[in-house]
Amino acid sequence: MSGSATFPGVRWHGSWIAPDAPEFDLEPTSVGSDLGHAGFSRVQFRRTVTLDDVPGVVPLRLTAESRYVLWINGVEVGRGPIRSQPRRLRYDEYDIAGYLRPGVNAVAVLVTYYGQANSFWQPAVSSGLLGRDAQLVLEARIGEDWLTSDDQWRAIRSTAWRLVGGGVTMEGVPVEVLDARELDPAWVTTGFDDASWPQATVLKATHTGGLAESRPPLDPFGALLPRGIGELGGERVAPATAIVELSKSLPDLPDHPARRLIAQLSGGGNGTPVALPLEVTPDAENATILTFDFGRIVAGHVEVEVDAPAGVRLDLFYQELAAYDYANGPIDSAPRTGASYTTRGSADRYRALEVNGLRQLFLLVPPGTDPVVIREVAVAEYHYPFTGEAAFESSDPELNALYRAGIRTVELNSFDSFTDCPTREQRAWVGDGVVHQLVHLVANADWRLARNYVRLGASPRPDGMLPMSVVGEMEYGGAFTIPDWALHWIHGVWNLYRYTGDRDEVLELLPVAERVLRWYLPFVDEHGTLSDVPEWNLIDWSSVFPSGRSSLITGLWARGLAEFAEISEWLGNGGAAAWARGLWEQARVGYESFWDAGRGSYLDHIVDGVPQPAMSQAAGAVAIVSGLAPRERWASVIDVITDPARLVIRSWIGGADGGYDMDKMREQSVGIYRIDWDAENEIVRAEPFFSYLVHDAVAAAGRAERLIDLVRAWSVFLHDGFDTFGECWGWGTPVHGWSATPTKDLVSYILGVTPDAPGYTTARVAPRPGSLDWLSGTVPTPHGYVRVDVRDSHVAVDSPVPVTFVALSGVEAALPAGRHELSL
């Protein structure tokens, strides 16, 4: 449905408007070819409206190409739209009654158009004027009247902003440069005179059949869709420490703020602790550098308030690590992100428009003669909130800290979609998000972002395979993908089915899942397994072998087939279920080729008919979660692949400096794999991402209590103030959403609460406290909270739905909804 209860129907009252008529080919077209796009710009839209009185409710909705910030009478109301493909563009609704007053009111909207695809936005393929420049559509119902976007609005392209860098692999977030001398802060208020601004231009469809319509729905956006998720926000966080030092000013510094600071920081690191506000009196030869450490990773809008003469350029550089290498600078794979602000000489309060993640913030004050007062530095956190009463506690403080760290890690990667890391890319990777989704499902009462993850990812290429990352330059480019990431996405669909039981939503997604599974059919070999699958079969950052005839890809595909069959049966599609089960059965028979009886687990791959010795945790785990391994082997396979004496940590791309090893990456890209471990006897341990699947296998094999000790490995990330999980063992970012499986594991397998039937119509409670003296938890469901408390062998359960209770012996008891006292 594209409308809402407040705004029924698909047709809007407001028209699409722009600041001026773009200099594009205006001839109507009959072929939907892409006619090009304008470059980056930020456009200020304004409209005043006079009211005799303010109704109790004033609903407003709007959207923009690419992003907007809305103010009413100088007060920020909201930001959007959320990340989406252009033809699934979202709009936002607000009740603005509380912002209005009798008399003159100012409605102001700043619209950003990025111009080229970046890590979180991609341009529309337009056949007319729409989708090619900064554009806005808005409507509000004020009593019996409508306020709409039309030619009564004023609009002007701002000269205050430009972008440098950003949008590349490790630096996905644009770096904004703002000259505040070009921006009157009063423009969002009623007192601003916009008489010199041009009237906005109403945009009309120019393509064949468009009928010169200006109001949505229109190509290339179609029916505008409701936001579908909650509002982002968070606390305003001040730095934990600040230091100041002088640095000999260097000539010919680069324009890019981060690179400018990197050059100026060389040889520094001898600062003096200070507190704000701080008056800086630079001289003609020395720049002043302030270093702010927030003590942990924060993510949101950077804010800086200063008193300074007009024209002082302040540069910002953001870093994710606790310590900066002043001698060598950041490692090659570290992000070079930041911002720049040139003072206007009054009301100098900078608030970034882009969202950044960071731990350290470096601020460069250039040489000069007039003092500059740094009054305040902060980050207004801006991410998706965890709400409700979900909780986990135990007698072990380490486990309690791990539960909280997983939530914090995912929270910092929950924006308008799930992302990989806030400090670098902020991309919506299709595979990564399955871990974020599971953490939301067990620890957040609001499941809307968990549902949105699956909807957003359902954007297949023409051949049915999903992009590796959706909404951004990767999907827009349409190039190679990570096929196995789509198999994790299918697991996300299965999670949605199990936790929500929403038939309509799952039914809509299932054809996409089927096309992904069918994409693999040309690679099914005579054994029923998968061989020579092309593109980037990532599997995990650990040193696994997906080439040749692959147990890893076959196992992930088979898990997808089994989950697809289960969902299809539930929806009443027996034919689709039979198709998937038939393929699964062929794979089960052929999978036996990977079994190494002598070592007690499964090999990674077979090349030219010859089994290769490499063995990984991942291979043993997928054999179990797919069901391809005989059930009687499961427990012994887990014993083998979790034996510390056999495990080694290896990665094809991890570097000794804590970052990506570019030489290793180049070698891997041309098929060079250097084995520097005993492949005949040692087993490669999964990195944190694939560990979610390893831990699923541990629980499936009846070894859930072992997870108490297995998740302790994640404590290695919680050092020097960090309260988040890093990307990999020994390298990568310090906050990576895909690493948060301990939170899911502690709730689902140690507390033991999972859905026993689709939609949580029955809850399964199977506590496995192991060596813990006690544990308790509160778990969200669509029907309310399931509460479990375990003390010694006594279990108290309070559930809004019927419960299947599983004792340590495996004996199950069916219980009605309500409170129960049980013996474990």
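Nothing here was measured: the structure is a model prediction, and the numbers come from that model.

Reading the values: the criteria
- Residues numbered from 1 in each chain as written.
- Predicted model: local features only at pLDDT ≥ 70, side-chain atom pairs only at ≥ 80, totals over all residues.
- Heavy atoms only, no water.
- Helix = DSSP H or I, 4+ residues; strand = E, 2+ residues; numbered from the N terminus.
- Buried < 20%, exposed > 50% of the residue type's maximum accessible area, 1.4 Å probe, protein only.
- Areas by Shrake-Rupley, 256 points an atom, 1.4 Å probe, with all protein chains shown as cover.
- Lys, Arg positive; Asp, Glu negative; His and termini not counted.
- Charge placed at Lys NZ, Arg CZ, Asp CG, Glu CD.
- Axes fitted to C-alpha atoms, helices over the stretch in contact; angles between N-to-C directions.
- Parallel < 35°, antiparallel > 145°, perpendicular 65-115°, else oblique.
- Left-handed = near helix turned anticlockwise from the far one by under 90°.
- Contact = heavy atoms within 4.5 Å.
- Nonpolar A, V, L, I, M, F, W, Y, C, P; charged D, E, K, R; others polar.
- Pairing = 2+ DSSP bridges.
- Polar contact = N/O pair within 3.5 Å; in protein donor to acceptor, adjacent residues only side chain to side chain.
- Core = buried A, V, L, I, M, F, W, Y, C linked by side-chain atoms within 4.5 Å.
- pLDDT = per-residue confidence, 0-100.
- Phe/Tyr/Trp six-rings, centres within 6.5 Å; stacked < 30°, edge-to-face > 60°.

A count of helices and strands for the chain gives 15 helices and 43 strands. Relative to its 824 residues, the chain shows a buried fraction of 61%. Accessible surface computed for the chain: about 29200 Å², of which carbon and sulfur atoms make up 51%. Each charge class in the chain can be summarised by its mean position, and for the 67 positive and 106 negative side chains these summaries are 2 Å apart.

A few words on the packing of helix α2 (residues 397-411) against helix α3 (residues 433-443). Where α2 meets α3, the axes come as close as 10 Å, and the angle between the chain directions of the two elements is 120 degrees. Comparing the axis directions of α2 and α3 gives the class oblique. With respect to the hand of their crossing, α2 and α3 are arranged in left-handed fashion. Residues Tyr403, Gly406, Ile407 and Val410 of α2 form the contact with α3, whose own contacting residues are His436, Val439, His440 and Ala443. A per-class count over the contact of α2 with α3 returns 5 nonpolar, 3 polar and no charged.

Turning to helix α1 (residues 257-265), a few remarks are in order. Burial of α1 is extensive: 7 of the 9 residues sit out of reach of the surface. Within α1, the full set of buried residues consists of Pro257, Ala258, Arg260, Leu261, Ile262, Gln264 and Leu265. Just beyond α1, the residue with positive phi is Gly267, at close to 85 degrees.

Among the 10 residues in helix α13 (residues 691-700), 9 count as buried, and that is most of the element. Taken residue by residue, α13 has Ser691, Tyr692, Leu693, Val694, His695, Asp696, Ala697, Val698 and Ala699 as its buried positions. Positive backbone phi, at 80 degrees, marks Gly702, one or two positions downstream of α13.

Taken together, 4 strands build an open sheet; the order of strands is β28-β29-β32-β33 and the sheet is antiparallel. Sheet topology places β28 (530-531) and β33 (610-611) at the edges, where each strand pairs with a single neighbour.

So, on to the sheet that holds strand β2 (residues 41-51). Spatial ordering of the open sheet is given by β5-β4-β7-β2-β10, a layout of 5 strands whose pairing is antiparallel. The open sheet has two edge strands with one neighbour each: β5 (75-80) and β10 (154-157). Within this sheet the neighbouring strands show an average axis-to-axis angle of 20 degrees, counted without direction. Examined bridge by bridge, β2 and strand β7 (residues 103-113) share 11 bridges and lie antiparallel to one another. Paired with Thr50 across the strands is Val104, a residue of β7.

Along the chain, Glu354 falls in the loop between β22 (349-351) and β23 (356-365). Side chain to side chain, Glu354 and Tyr114 meet in a polar contact 2.9 Å long. In this structure, Glu354 is in contact with Arg42, Tyr114, Phe120, Val173, Pro174, Glu176, Gly300 and His301, ignoring residues within four places of it in sequence.

Right, let's get into the pairing of strand β21 (residues 337-342). With 6 of 6 residues buried, β21 is to be regarded as a mostly interior element. A two-sided burial pattern is seen for β21, the buried positions comprising Thr337, Ala339 and Tyr341 on one face and Gly338, Ser340 and Thr342 on the other. The sheet contact formed by strand β20 (residues 313-319) and β21 spans 6 bridges and is antiparallel. The residue bridging Phe317 from the neighbouring strand is Gly338, located in β21.

Attention now moves to the nonpolar core. In terms of nonpolar packing, the biggest core is built from 160 residues, with Trp489, Tyr520, Phe690, Val788 and Phe805 touching the most fellow members. A per-element tally of this core places helix α8 (residues 551-571) first, with 10 residues. Setting aside residues up to four positions removed in sequence, Val788 forms contacts with Leu751, Val753, Val765, Pro767, Leu775, Ser776, Gly777, Val795, Ala796 and Val797. Leu314, Tyr350, Ile374 and Val379 belong to the second-largest nonpolar core, a separate cluster that totals 43 residues.

Right, let's talk about unusual backbone geometry for a bit. Look at the link from Glu65 to Ser66: it is a cis peptide, with omega at 10 degrees. Of note, Ser66 is situated in the loop between β3 (59-65) and β4 (67-72). A cis geometry characterises the amide bond from Pro216 onward to Pro217, with omega recorded as 10 degrees. Unusually for a residue other than glycine, Asp532 sits at a positive phi of about 55 degrees. Along the chain, Asp532 turns up in the loop between β28 and β29 (549-550). Owing to a relative accessible area of 57%, Asp532 belongs among the exposed residues under this scheme. Although it is not a glycine, Tyr760 sits at a positive phi angle of roughly 60 degrees. Counting through the fold element by element, Tyr760 comes out in the loop between β36 (753-755) and β37 (763-765). The class for Tyr760 is buried, based on a relative accessible area of 0%.

With that settled, the discussion passes to the confidence of the model for the chain. For the chain, per-residue confidence averages 95 on the pLDDT scale, and 97% of positions sit at 70 or higher. Contacts of residues 25-33 to residues separated by more than four positions or lying in other chains number 18 contacts, the stretch itself having pLDDT below 50.

This part takes up the packing of aromatic side chains. Counting across every chain of the model gives 43 aromatic pairs. Aromatic side chains Tyr114 and Trp121 sit 6.0 Å apart centroid to centroid with 50 degrees between the ring planes, which places their arrangement in the tilted category. As far as the burial class goes, Tyr114 and Trp121 line up, both buried. Relative to Tyr660, the ring of Trp541 lies with its centre 6.2 Å away and its plane at 80 degrees, an arrangement referred to as edge-to-face. Linking Trp541 in the loop between β28 and β29 with Tyr660 in the loop between β34 (647-648) and α12 (662-669), this pair joins segments that are 119 residues apart in sequence.

Strand β19 (residues 286-307) sits mainly inside the fold: 18 of its 22 residues count as buried. Here 8 bridges tie strand β16 (residues 241-248) to β19, and the two strands are oriented antiparallel to one another. The residue bridging Glu245 from the neighbouring strand is Ile289, located in β19. Inspection of the sheet shows β19 paired to β23 by 9 bridges, in the antiparallel sense. Counted as the bridge partner of Ile289 is Leu364 from β23. Both β19 and strand β24 (residues 372-381) contribute to a ladder of 8 bridges, which runs antiparallel. Along β24, the bridge assignment pairs Glu303 with Ala378.

The subject of this paragraph is the environment of Gly56. As for its position among the elements, Gly56 is in the loop between β2 and β3. Classification of Gly56 by relative accessible area gives exposed; the value is 68%. Each C-alpha atom, one on Gly56 and one on Ala97, is 6.3 Å from the other, the two residues being 41 residues apart in sequence.

Mapped onto the elements, Arg791 comes out in strand β39 (residues 784-791). On the basis of relative accessible area, Arg791 is assigned to the partly exposed category, the value being 36%. Sequence separation of Arg791 and Tyr324 is 467 residues, and the distance between their C-alpha atoms is 46 Å. Apart from residues no more than four positions distant in its own chain, Arg791 is found in contact with Asp773 and Trp774. In this structure the side chain of Arg791 is engaged in a polar contact, spanning 3.0 Å, whose partner is the side chain of Asp789.

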